[in-house]
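Breakdown of the fold
Single-letter residue listing:
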Amino acid sequence: MTDKKRALLAAGGTGGHLFPALALAEELIKQGWEVMIATDERGARYDKSELDYETVVISSATTKPGLWGKFQTAAALGKGITQSFKIMRNYKPDVIVGFGGYPCFPPLFAAQLLKKPTIIHEANAVLGKANKMLAARASHIAMSTPATKGVSEHKTFAPKSVVTGNPVRAKVVAKQSAPYMAPTANGPFNIFVMGGSQGAHVFSKVIPEAIKHLSDADQKRIRIVQQCREEDMPAARKAFEEMGVDYELKAFFDNAPEELEKCHLFIGRSGASTVSDVAVVGRPAIFAPLKHADNQQLLNAKALADAGGAWVIPSDQFDAKTLAKSLATLMADPNTLKAAADKSAQAGEPFAASKLKDLVIKAAR
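The following refers to the structure shown. (Residues numbered from 1 in each chain as written. Predicted model: local features only at pLDDT ≥ 70, side-chain atom pairs only at ≥ 80, totals over all residues. Heavy atoms only, no water.)

1. Section: the pairing of strand 6 (residues 140-143)
Selection criterion: Only protein chains enter the calculation, and the probe is 1.4 Å; a residue is then buried if its accessible area is under 20% of its type maximum, exposed if over 50%, and partly exposed in between. Counting from the N terminus, the helices are the DSSP runs of H or I reaching at least four residues and the strands are the DSSP runs of E reaching at least two. DSSP calls a pair of strands paired once it identifies at least 2 bridges connecting them. The definition of a right-handed crossover adopted here requires that, viewed with the strands pointing away, the path from the first strand over the helix to the second runs clockwise.
Burial along strand 6 is two-sided: the face carrying His 140 and Ala 142 and the face carrying Ile 141 and Met 143 are both buried. Two strands pair when backbone bridges link them, and strand 5 (residues 118-122) and strand 6 are joined in this way by 4 bridges, in the parallel orientation. Along strand 6, the bridge assignment pairs His 121 with Ala 142. Where the polypeptide runs from strand 5 across helix 4 (residues 129-134) and back to strand 6, its parallel neighbour, the crossover connection is right-handed. In the sheet, strand 6 pairs with strand 7 (residues 161-163) via 3 bridges, with the strands oriented parallel.

Take a look at the structure:
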């Protein structure tokens, strides 16, 4: 039997849930801990690189409408909870940390029934559904921002909550404070576009159209690196080639920190991990938040915009003409871009993973 402390980190299968878990795993492994990550089939696809941890796939499901949908959800979660009890019995984690998403519910629910220490981390500015169901029995609630909706106003949640920031991976932290080289008057203008874990269809449509609205001189300056769905690539590729725009399209960028460092402007959705990465690297951004009932992404984007590091175009206003106007203005004003880059860097939290690691160690004592 090993003397090492053990952590079970549970997260949904999107980058927004999984990347903070990986960032914490890096910190714990450096401290000599053993780590297991529980996620769904999507999360299991992510490359674990140099990290030494075990991945398990947990059965889960989002809530579905109708009687049959509710039965399917209950069956999937029931199976996940059974799997989780087996993990608790065999792996014997000292602490269990959940990062949101439905796959985190079964392991933390099982752990809480067994009276094990549990921590939930909320990356967004609004407490998510799975975390909301787990918060009452959690030992600690870690938050990215002090005014997390659903926690700060809750009398029983607030005393056990702590602001750690949103953990970012070591390869993002390595780009912290990388000098921002503002674009020159007639020089290249580098744009990096990401649309979330799967790449947003709207960006593949709107961004080429927006660039068409720019002057010929501005079009020739643009160098664009864009995440794009496979089915959207032919149309985007054709549009960029017709304009003579220097471009690179991929379905997924495993070198996102490097692309962030090189860009003059980031354009994308405003999931919590995306906003955190942009701020830690210190780059100006235009965010087009994905519309949620709880305005989750809008609030994430607004936090960096209020700090002076970004601009927000709401989803119902994100069209080619609006974006083109913003691009033309910023391309002609490098001083504004440089000021926004500085403000973005000041808002970044590069030590969030270390702060969360300290909380995990405290909970496991």
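2. Digging into helix 14 (residues 352-364)
Here is the rule we go by: One fewer than the residue count of a helix, multiplied by 1.5 Å, yields its expected span. Contacts between residues were defined by any pair of non-hydrogen atoms, one from each residue, lying within 4.5 Å.
The terminal C-alpha atoms of helix 14, which comprises 13 residues, lie 19 Å apart, in line with the 18 Å expected from a rise of 1.5 Å per residue. Elements that come into contact with the buried residues of helix 14 comprise helix 1 (15-30), strand 4 (95-98), strand 5, strand 6 and strand 7.

3. Here's the deal with the sheet that holds strand 8 (residues 189-194)
Counted only if it meets this: Fitted lines through C-alpha atoms serve as axes, helices being fitted only where they are in contact, and the angles separating the N-to-C directions of these axes extend from 0 to 180 degrees.
The sheet built from 6 strands is open, its strands ordered 10-9-8-11-12-13 with parallel pairing. Each having just a single partner strand, strand 10 (246-250) and strand 13 (310-312) make up the two edges of the open sheet. The mean angle between the axes of side-by-side strands here comes to 15 degrees, regardless of whether they run parallel or antiparallel. One ladder, built from 5 bridges, connects strand 9 (residues 222-227) with strand 10; its direction is parallel. Opposite Ile 224, over in strand 10, you have Tyr 247 as the bridge partner.

4. Digging into the nonpolar core
The cut-off we apply is this: Nine residue types can take part in a nonpolar core, namely buried Ala, Val, Leu, Ile, Met, Phe, Trp, Tyr and Cys, and a core is a set of them joined through side-chain atoms within 4.5 Å.
Grouped together as the largest cluster of nonpolar side chains are 34 residues, with contacts concentrated most on Ile 207, Ile 211, Ile 224, Phe 240, Ile 267 and Leu 323. Secondary-structure elements contributing two or more residues to this core are strand 8, helix 6 (201-212), strand 9, helix 8 (233-243), strand 11 (265-268), helix 12 (320-331) and helix 13 (334-347). The leading source of residues in this core is helix 12, at 6 residues. For Ile 211, the contacting residues outside a window of four places in its chain are Gln 219, Ile 222, Ile 224, Phe 240, Met 243 and Val 245.

5. Some points on the environment of Pro 106
Among the secondary structure elements, Pro 106 is positioned in helix 3 (residues 105-113). Between the C-alpha atoms of Pro 106 and Gln 83, which are 23 residues apart in sequence, the distance is 8.2 Å. With residues near it in sequence (within four places) discarded, Pro 106 still touches Ile 58, Ser 59, Leu 77, Gly 80, Ile 81 and Ser 84.

6. Concerning the sheet that holds strand 5
On the basis of which strands lie adjacent, the open sheet formed by 7 strands has the order 3-2-1-4-5-6-7 and parallel pairing. In this open sheet, the two strands that pair with only one neighbour each are strand 3 (54-57) and strand 7. Averaged over neighbouring strand pairs, the angle between their axes works out to 20 degrees when direction is ignored. Running at roughly 170 degrees to strand 2 (residues 34-39), helix 1 makes contact with strand 1 (6-10), strand 2 and strand 4 of the sheet.

7. Quick look at the environment of Tyr 247
Defined as follows: Nitrogen and oxygen atoms within 3.5 Å of one another constitute a polar contact, given that in protein one can donate a hydrogen and the other can accept it, and given that sequence-neighbouring residues count only through two side-chain atoms.
Mapped onto the elements of the fold, Tyr 247 is located in strand 10. Tyr 247 sits in the partly exposed class, given a relative accessible area of 23%. In this structure the C-alpha to C-alpha distance between Tyr 247 and Ser 215, which are 32 residues apart in sequence, comes to 17 Å. Within polar-contact distance, the side chain of Tyr 247 engages the side chain of Glu 241 at 2.6 Å.

8. Side note on helix 8
Given 3.6 residues per helical turn, the α-helix brings residues three or four places apart onto the same face. Stated formally: This arc is taken over the directions from the axis of the helix to the C-beta atoms.
Of the positions making up helix 8, those classed as buried are Met 233, Ala 236, Ala 239, Phe 240 and Met 243. With its buried residues spanning 135 degrees around the axis, helix 8 presents them on a single face. In helix 8, the exposed positions that point more than 90 degrees away from the buried face belong to Ala 235, Lys 238, Glu 241 and Glu 242. Looking at the packing, one finds that the buried side of helix 8 touches helix 6, helix 7 (216-221), strand 9 and strand 10.

9. A word on the packing of aromatic side chains
Definition in use: The criterion for an aromatic pair is that two Phe, Tyr or Trp rings (for Trp, the six-membered ring) have centres within 6.5 Å, with stacked assigned to planes under 30 degrees apart, edge-to-face to planes over 60 apart and tilted to the rest. A positively charged side chain is recorded as over a ring if its NZ (Lys) or CZ (Arg) lies within 6 Å of the ring centre. The angle to the ring normal must also be within 35 degrees.
Taken as a whole and assessed by the stated rule, the structure comprises 6 aromatic pairs. Relative to Phe 318, the ring of Phe 203 has its centre 5.4 Å away and its plane inclined at 85 degrees; by these criteria the two rings are edge-to-face. Of the two residues, Phe 203 sits in helix 6 while Phe 318 sits in the loop between strand 13 and helix 12, which places them 115 residues apart along the sequence. Each of the two residues, Phe 203 as well as Phe 318, counts as buried. An aromatic cluster of three or more residues is present, and its members are Phe 192, Phe 253, Phe 266 and Phe 287. In this arrangement the basic side chain of Arg 169 is found over the ring face of Phe 19, its NZ or CZ atom lying 3.8 Å from the centre.

10. Some words on the pattern of salt bridges
Operational definition: Just to be clear on terms, a salt bridge is a Lys or Arg side-chain nitrogen sitting within 4 Å of an Asp or Glu carboxyl oxygen.
All chains considered together, the criterion is met by 13 salt bridges. Between Glu 34 and Arg 6 there is a salt bridge, with its nearest N and O atoms 3.0 Å apart. Linking Glu 34 in strand 2 with Arg 6 in strand 1, this pair joins segments that are 28 residues apart in sequence. By relative accessible area, which is 13% here, Arg 6 ends up buried. Between Arg 169 and Asp 277 there is a salt bridge; the shortest N-O distance is 3.4 Å. Remark: Asp 277 occurs in helix 10 (residues 272-281) and Arg 169 occurs in the loop between strand 7 and helix 5 (170-173); sequence separation between them is 108 residues.

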